[in-house]
Amino acid sequence: WREMSLLDSTAAVLGWDEQVMMPHGGTAWRASQFALLARMSHAIIVDPKLGDALRTVAGNGTDSAAAAQATEGLRRHERATRLSTELVAELAEVCSLAQAEWRAARQESDHDRFRPWLERIVRLKRMEADSVGWKDHPYDALIDEYEPGTTTGSIRSLFAELAPAVSEIVARRSQEPPVHEPAGNYPIEEQRKLGQMVAHSVGFCFESGRLDVSTHPFCSGI
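Below you will find a few notes about this structure. Bear in mind the structure is a predicted one, so any value in this text is a computation, not a measurement.

**A closer look at the overall build of the protein chain**
- Within the protein chain, the regular secondary structure consists of nine helices and zero strands.
- Reading the secondary structure of the protein chain in the N-to-C direction produces α-α-α-α-α-α-α-α-α.
- Computed over its C-alpha atoms, the radius of gyration of the protein chain comes to 22 Å, more than 25% above the 17 Å expected for a compact globule of 222 residues.
- When its C-alpha atoms are laid out on the principal axes, the protein chain stretches across 65 × 50 × 40 Å.

**Points about the environment of glutamate 101**
- Within the secondary structure, glutamate 101 sits in helix H5 (residues 85-108).
- Given a relative accessible area of 17%, glutamate 101 falls into the buried group.
- When the C-alpha positions of glutamate 101 and serine 131 are compared, they lie 27 Å apart, and in sequence the two are 30 residues distant.
- Each residue touching glutamate 101, except ones within four places of it in the same chain, is listed here: Arg113, Phe114 and Trp117.

**Notes on the packing of aromatic side chains**
- The final tally for this structure, using the stated rule, is one aromatic pair.
- Pairing phenylalanine 204 with phenylalanine 206 gives two aromatic rings, centres 4.9 Å apart and planes at 80°, and the pair type is edge-to-face.
- Phenylalanine 206 sits in the partly exposed class, given a relative accessible area of 28%.

**Focus: the pattern of salt bridges**
- Across all of its chains, the model carries 16 salt bridges by this definition.
- The partner of aspartate 52 in a salt bridge is arginine 55, with the nearest N and O atoms 3.3 Å apart. Placement of both aspartate 52 and arginine 55 in helix H3 (residues 48-58) is noted, with a separation of three residues, approximately one turn of the helix.
- Owing to a relative accessible area of 40%, arginine 55 belongs among the partly exposed residues under this scheme.
- The partner of glutamate 90 in a salt bridge is arginine 120, with the nearest N and O atoms 3.8 Å apart. Here arginine 120 lies in helix H6 (residues 111-132) and glutamate 90 lies in helix H5, a separation of 30 residues in the sequence.
- For glutamate 90, a relative accessible area of 27% corresponds to the partly exposed category.
- A cluster of three or more residues bridged by salt bridges with shared partners is formed by Arg79, Lys125, Glu128 and Glu145.

**Some points on helix H2 (residues 27-45)**
- Counted at 1.5 Å a residue, the expected span for H2 with its 19 residues is 27 Å, and the 27 Å between its end C-alpha atoms agrees.
- Turning to H2, its buried residues number three or more, namely Thr27, Arg30, Ala31, Phe34, Ala35, Leu37, Ala38, Ser41, His42 and Ile45.

**Observations concerning the packing of H5 against H6**
- In the contact formed by H5 and H6, the axes pass within 9 Å of each other and the chain directions differ by 155°. Between H5 and H6, the angle is such that the two are roughly antiparallel. By crossing handedness, the relation of H5 to H6 is classed as left-handed. Seen from H5, the contacting residues are Leu87, Glu90, Leu91, Val94, Cys95, Leu97, Ala98, Glu101, Trp102, Ala104, Ala105 and Glu108; seen from H6, they are Arg113, Phe114, Trp117, Arg120, Ile121, Arg123, Leu124, Lys125, Met127, Glu128 and Ser131.

**Section: the side chain of arginine 79**
- Position of arginine 79 relative to the elements: it lies in helix H4 (residues 65-80).
- Since its relative accessible area comes to 8%, arginine 79 is described here as buried.
- When residues no more than four places from it in sequence are discounted, the contact partners of arginine 79 are Glu128, Val132, Ala141, Leu142, Asp144 and Glu145.

**Section: the state of the cysteines**
- Under the criterion given, the structure shown has zero disulfides.
- The cysteine cysteine 205 is free of any disulfide, with cysteine 219 supplying the nearest cysteine sulfur at 14 Å.
- Judged by relative accessible area, which is 80%, cysteine 219 ranks as exposed.

**Comments concerning unusual backbone geometry**
- Positive phi values are uncommon outside glycine, yet serine 109 reaches one of about 55°.
- Here serine 109 lies in the loop between H5 and H6.

**Describing the side chain of arginine 103**
- Mapped onto the secondary structure, arginine 103 falls in helix H5.
- Of the side chains with opposite charge, glutamate 18 comes closest to the buried, unpaired arginine 103, at an N-O distance of 5.5 Å.
- Sequence-distant contacts of arginine 103, that is, excluding residues within four places in its chain, are made with Glu18, Gln19 and Thr215.

Reading guide: rules and limits
Residues numbered from 1 in each chain as written. Predicted model: local features only at pLDDT ≥ 70, side-chain atom pairs only at ≥ 80, totals over all residues. Heavy atoms only, no water. Helix = DSSP H or I, 4+ residues; strand = E, 2+ residues; numbered from the N terminus. Rg over C-alpha atoms; globule rule 2.2 N^0.38 Å. Buried < 20%, exposed > 50% of the residue type's maximum accessible area, 1.4 Å probe, protein only. Contact = heavy atoms within 4.5 Å. Phe/Tyr/Trp six-rings, centres within 6.5 Å; stacked < 30°, edge-to-face > 60°. Salt bridge = Lys/Arg side-chain N within 4 Å of Asp/Glu carboxyl O. Expected span 1.5 Å × (residues − 1). Axes fitted to C-alpha atoms, helices over the stretch in contact; angles between N-to-C directions. Parallel < 35°, antiparallel > 145°, perpendicular 65-115°, else oblique. Left-handed = near helix turned anticlockwise from the far one by under 90°. Disulfide = S-S within 2.5 Å. Lys, Arg positive; Asp, Glu negative; His and termini not counted.

No statement about biological role is implied by the geometric values presented.
Shown next, in the form of structure tokens:
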């Protein structure tokens, strides 16, 4: 598990570099790096011996932290065993290539440039959902990766419950004097300083992490 975590951490460092430092010319090679790391990590998590070990620890009858971690690990193991290594590697590679195309399309306001990449990712994610398996909605299989137990139906129920209150807030807001939006463009360096100030105020440790400028905000654990 530690080796897999180190591989995933290495991919996270490469992901940071891709979005913050890497020149466009490195895109294809970086995508190949992501694909290789994804293959290696997937090979570890689907190992039957790892699954057996996780079942042993998870089922030892205690409420220890190790048992809880093993239970979550077993969920990830069982999900991963339903995915082919080829699909996992292709997703990693395509998403990396698409990231570079998205940045270029955004800069040029050329949405059609990114369209084929988005279509390709959606196709691959549909394949992932079908491989994992779903009952009521294919998106259930994708939500489960980040919010275990959550379903499309439960989210729709939540939104339905919130809708009346949100509509009331919007209606009330429309009757108030208009808000004057801040005008102008804000220098990147000033935005960076503000971000650092906010991070400091909530206790972020800059000896263990950093804040950088990127096309789109992201948070990555390494």
